[in-house]
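Observations on the three-dimensional arrangement
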Amino acid sequence: MRRPVLVAVAATLATSCTLLTDFDTSSLGEDSDALCSDEVDNDGNGLTDCSDFGCLAQPSCCVIPRVAIDDDFSPACADAICSEADPACVPDPTVWQSWGTPDPVLCQGRLSPNKIEQCYDVGVLGLTPLTFEPGLVVAATLVGIPEPRARIEVGLTLQDEIRGSFDPCESLTTAEPVLSIRQLADEGGGYRLVARFDGSDVGLSDPFTEPSPRQIELAIADDRRVHYLVDGIEFAASPAEQPLPQSGPVGRVVAAGRGTAAGIDRITVTVGTDCDTPALWSPAESFMVMEPGIAGRWDDYSVFAPALTERDEGGIDLYYGGCREKEGSCDPLAAGLGLAAGVGPFEFTAGEDCPLVGAASIVCDDGIKSPFADQFDNLIDAAPFRMDGEMMILASQENGGDQIVTLRLGDRVTALGELEDRIRTGNSGAWDAHEVCCPAVTVGDDGVVRAWYAGRNGANAPWRIGLAQSNDGIRFEKDPNNPVLREGSAGAFDGDGLTAPAVLFERGLYRMWYEARGFFGATSIGYAVSTDGVHWHKYPDNPVLLPDDIGLSAVRAPSLALIGGHLQMVLSAEVDAGSAIYRLVNGDPDADAAPAPRGMLGR
Amino acid sequence: MTARRRRRALAVWLLLAAACGSDDDAAQPDGGPGASFSPPECQVEFGHTLIFKTVTLLPQGEGVDITGDDVPDNLLGRIAPLANPTIVQVIANGTGVFLLDFTGWEDAPADDDDMEVTFYLGADSDIPPDPSDNTSGHGDFLVVDRQFDVDCNPLTRVPTSVAGRVARATPAVWRFLIEGVGTLSFERIQLEVEFTPDLTGFSGQFGTGWGMCSLAHTEGPLFAGATLLERLVNDFEEPDPDLDFDGDGLEHVVGDGEGIASCIDGDGTVIEGPDCPCDPRMGDAYSVSVAVEGAAATISGIIYGQ
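This report concerns the structure included in the present document.

How each quantity is defined
- Residues numbered from 1 in each chain as written.
- Chains lettered and ligands numbered in written order.
- Predicted model: local features only at pLDDT ≥ 70, side-chain atom pairs only at ≥ 80, totals over all residues.
- Heavy atoms only, no water.
- Helix = DSSP H or I, 4+ residues; strand = E, 2+ residues; numbered from the N terminus.
- Buried < 20%, exposed > 50% of the residue type's maximum accessible area, 1.4 Å probe, protein only.
- Areas by Shrake-Rupley, 256 points an atom, 1.4 Å probe, with all protein chains shown as cover.
- Polar contact = N/O pair within 3.5 Å; in protein donor to acceptor, adjacent residues only side chain to side chain.
- Contact = heavy atoms within 4.5 Å.
- Salt bridge = Lys/Arg side-chain N within 4 Å of Asp/Glu carboxyl O.
- Disulfide = S-S within 2.5 Å.
- Core = buried A, V, L, I, M, F, W, Y, C linked by side-chain atoms within 4.5 Å.
- Pairing = 2+ DSSP bridges.
- Axes fitted to C-alpha atoms, helices over the stretch in contact; angles between N-to-C directions.
- Phe/Tyr/Trp six-rings, centres within 6.5 Å; stacked < 30°, edge-to-face > 60°.
- Expected span 1.5 Å × (residues − 1).

Some words on the overall build of chain B
- Looking only at helices and strands, chain B features 4 helices and 13 strands.
- Residues classed as buried in chain B amount to 52% of the 306 residues present.
- If you sum the accessible surface of chain B, you get close to 12700 Å²; carbon and sulfur atoms cover 51% of it.

In structure tokens form, the structure reads like this:
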């Protein structure tokens, strides 16, 4: 009789499937470039090709652009009107050398030549030297339709300095790109793109009649030819008989032009690609990005639980929890949720004297506009997200509470939804029956808000991570597979639980970093991936970050940003008294040199 | 003035005049070598055009009262004896084709207070160039594309009016592009010319302040690396501007024998460095008054990429 055997096999398979969600035991089979690009889950672990940890170092999966320059020209001057250009709104002098009269300006979120004369081009020259080698890609987003005799040109030049003149119409040639794409008006009222190579036109795009943003790209391929693309489609290539020299010259990116109607929304220069290295973290050049506030402020003892968020106009802000001290720890009756404005790439200034929301006992100049309501205490662990253009926050108590609340930001912070809509502690006996906290949010292209949160079923039980989903960011439903990520085995780095997840969705993969709790409360950062947000695979070489690695005593509550393809992490850690917020960069530490205007954020 | 200074001043004007007709240093054509695509050409309607037959710097002490004190303002008139022969020469040989184009004068010669006048630097349309007919009343000329903005509007167009065949224009600033020299920026121009009854000619005067920054960047290879202001400051006695346009007292420019060393604002503030003439605090200008005569002309098109 075979049926019992079949049942036993099925039971074994079911068990192993459960195990697979907790421990990635089989990265053995998917470990060559061929197997990592065949669209087959060769080792049957639920992760295909580049999603599989075994493929991380394979060439076909090393596709993270190595960013040399990434500037969206917007953060400081998005509101500046081009016709009334603010002379203070100029390109970042640490990235660009500007030339010409009038100066090119930043306005309406873009770089504009702002020059009406049909005379020499004005523009910007990148300060970063670039070798003309395969893998070099110059991408720019053009917006607007140029006037009949205007133009925009983006490319590479061998010049290391460009001079203009006080005279807007002096007879001089400024930028001399050797490889470029030029935007010129055409007879039909639109424009065309002209591919240029070594001073000659080598191709012409179809006409475009809409002013909407259009991505142009100039890429040096392995055959040392230059390929010219618009919106991802090649419209020209340099002559096959004229490959770039083997020993590539060194030049710089240049953006030049004249006119006022068209401009450049963004320029990104990449110089090859990197592999995904989820375990390679190092302190950023400015390691501590936020310390407790000055004495007397509401956050003068501790700042913690950081959460990065992107502003509409570009730039990154930081939500954080803060508190005053009481008997050597945070005073729960004097804690709040603060917002620190980004004043530069990962430079934050806690401007307001009052927290966004906080304990009613906090005394500050304006008084607390949004004290914790009676039913909510210490909503200071925040996961910001944007729904229909509106900034919202999913917030919990830092150390756990009975619910996670959606807050709407505005003049006053208000709680949304009814009690039954919220992520609350589970019923008696449930994995999250005792308390929930520390959410992380993604908003999918399908509009679904996915919130991962930590929960546990007793004061001394290990934290686990569950998933709840919502279509409006207010009414959540827990996933029946909860918890979707559990603690590791006894003695493992996360054997005592895992909490404070940060999640990014990238290239079809959910990526989670989380605070792991180990023996005697030792903290570290763990990493896991999932294709559906439900079934997670822990990184086999966890933990990806230990406090000792970076000279800290603990690492807590990570928040991630993906900037120009490169990961950045902020987390909180204890200092002499209280805690502060630190920043780490992933992969090559030199990536920290790239400016960081926009990206993907996870918390 | 020493003989040496006179020679240098003359050289300045020779260079200026010669540069007017030069295209050696002109902008590169769009597209460059091998270009296969060019933007659309400007469609411009020209009006009633006249060419300057004569341009004469008036002697110092004569000219237009720019400041309103009933005294002619014409500091640069001191170089009239040196400059005028050169100006005559460049007009005669066709290297200096200065055109005024009156537009919006539909009911000419009737009075009209809603017109515009545009200055163009022209080029002879004859092939090969024949300057002999330039000021005959039948001259035909082309104008250079760079005298239009990117939207094809003339850069040097200002409002004017005509009453009793006398045209007057008083723009706050009027900039003239002179190929090979740069942009000449004139401030508070007072232009007054009277047309002949048949509108085929005019005569009149204009007075203006020539801004220091403009003078400081009136340059080109033909100036042998110098600017007009550098020459004025280093080659003339009492070289300071005479028009206190910014109202804080007359400014002073200090030369070092070759270039500009510093500037002193009207309030006494010293601004160091060769770029000081373009400091926003330096708002004064040199007065100049000119007598002009003109003849009818035609503009038949635009030259691109010159």
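Having seen the structure, we can now continue with the description.
With respect to unusual backbone geometry
Residues and elements named next belong to chain A.
- Residue proline 102 is bonded to the preceding threonine 101 through a cis peptide linkage, with omega at -5 degrees.
- Look at alanine 500: it is not a glycine, yet its phi comes out positive at around 50 degrees.
- Given a relative accessible area of 2%, alanine 500 falls into the buried group.

Thoughts on the side chain of A:Ser579
Residues and elements named next belong to chain A.
- Inspection of the secondary structure puts serine 579 in strand E38 (residues 579-586).
- Its relative accessible area of 10% is what places serine 579 among the buried residues.
- Side-chain polar atoms of serine 579 contact the backbone oxygen of valine 303, separated by 2.9 Å.
- Not counting residues up to four positions away in its chain, the partners in contact with serine 579 are Pro292, Tyr301, Ser302, Val303, Phe304, Ala573 and Glu574.

A short note on the pattern of salt bridges
Residues and elements named next belong to chain A.
- Inspection of the entire model under this criterion finds 30 salt bridges over all chains.
- Close ionic contact of aspartate 70 with arginine 266 constitutes a salt bridge, the shortest N to O distance being 2.7 Å. Taken together, the residues aspartate 70 in strand E1 (residues 64-71) and arginine 266 in strand E16 (residues 263-274) connect sequence positions 196 residues apart.
- Among the residues examined, aspartate 70 registers a relative accessible area of 1% and is labelled buried.
- In this structure, aspartate 446 engages arginine 450 in a salt bridge whose closest nitrogen and oxygen atoms are separated by 3.4 Å.
- Of the residues examined, aspartate 446 reaches a relative accessible area of 52% and is grouped as exposed.
- Salt bridges here are not isolated pairs; linked through shared partners, they connect Glu153, Arg182, Arg196 and Asp201.

A few points about the state of the cysteines
All names here are of chain A.
- Under the defined criterion, the tally for this structure stands at 10 disulfides over all chains.
- The side chain of cysteine 323 participates in a disulfide bridge whose partner is cysteine 330; the two sulfur atoms lie 1.7 Å from each other. Between cysteine 323 and cysteine 330, the disulfide has an S-S torsion of -70 degrees and is therefore left-handed.
- The connectivity of the disulfides in chain B is 1-2, 3-6, 4-5, where the numbers refer to bonded cysteines in sequence order.

Structural notes on the nonpolar core
- Counting residues in hydrophobic clusters, the biggest one holds 55 residues, and the most contacted among them are B:Phe102, B:Trp174, B:Phe195 and B:Tyr286.
- With 46 residues, the next largest nonpolar core counts A:Cys77, A:Val95, A:Leu136 and A:Leu193 among its residues.

Some words on the sheet that holds strand E30 (residues 464-470) of chain A
Residue and element names in this part refer to chain A.
- The antiparallel open sheet is built from 4 strands, whose spatial order is E28-E29-E30-E31. This sheet does not close on itself; its edge strands, each paired only once, are strand E28 (435-443) and strand E31 (476-478). Direction aside, the axes of adjacent strands within the sheet are offset by 30 degrees on average.
- Where E30 lies against E31, 3 bridges are found, and the strand directions are antiparallel. Bridge assignment links serine 470 to a residue of E31, and that residue is phenylalanine 476.

Points about the packing of aromatic side chains
All names here are of chain A.
- A full pass over the atoms with the stated rule returns 25 aromatic pairs over all chains.
- For the ring pair tyrosine 228 and phenylalanine 235, a centre distance of 6.4 Å and an interplane angle of 55 degrees mean the geometry is tilted. Like phenylalanine 235, tyrosine 228 is buried.
- Considering the side-chain rings of tryptophan 513 and tyrosine 527, the 4.7 Å spacing of their centres and the 35 degrees angle between planes classify their relative orientation as tilted. Of this pair, tryptophan 513 sits in strand E33 (residues 509-517) while tyrosine 527 sits in strand E34 (residues 523-530), placing them 14 residues apart in sequence.

Remarks on the sheet that holds strand E32 (residues 497-506) of chain A
Residue and element names in this part refer to chain A.
- The strand order E32-E33-E34-E35 describes an open sheet built from 4 strands, whose pairing is antiparallel. The open sheet has two free edges, formed respectively by E32 and strand E35 (536-538), since each of these has just one partner strand. Direction aside, the axes of adjacent strands within the sheet are offset by 30 degrees on average.
- Pairing of E32 with E33, which is carried by 8 bridges, proceeds in the antiparallel orientation. Along E33, the bridge assignment pairs leucine 498 with alanine 516.

Describing helix H4 (residues 228-235) of chain B
- For H4(B), the tally of buried residues reaches 8 of 8 residues, placing the bulk of the element in the interior.
- When we look at burial in H4(B), the residues that qualify are B:Leu228, B:Leu229, B:Glu230, B:Arg231, B:Leu232, B:Val233, B:Asn234 and B:Asp235.

Overview of helix H2 (residues 80-92) of chain B
Residues and elements named next belong to chain B.
- With 13 residues, H2 should reach 18 Å at 1.5 Å per residue; the first-to-last C-alpha distance of 18 Å fits that figure.
- For H2, the full list of buried residues reads Ala80, Leu82, Ala83, Asn84, Thr86, Ile87, Val90 and Ile91.
- Count one or two residues on from H2 and you reach glycine 94, which has phi positive near 85 degrees.

As for the pairing of E16(A)
- Looking at chain direction, E1(A) and E16(A) are connected through 6 bridges and run antiparallel. Within E16(A), the position partnered with A:Asp70 by the bridge is A:Thr268.

Here we look at the pairing of strand E5 (residues 122-126) of chain A
All names here are of chain A.
- With 5 of 5 residues buried, E5 is to be regarded as a mostly interior element.
- Burial along E5 is two-sided: Val122, Val124 and Gly126 facing one way and Gly123 and Leu125 facing the other are all buried.
- Bridge analysis of E5 against strand E15 (residues 250-258) gives 4 bridges, and the strand direction is antiparallel. What sits directly across from leucine 125, in E15, is valine 254.

That's the geometry; what it means functionally is another story.
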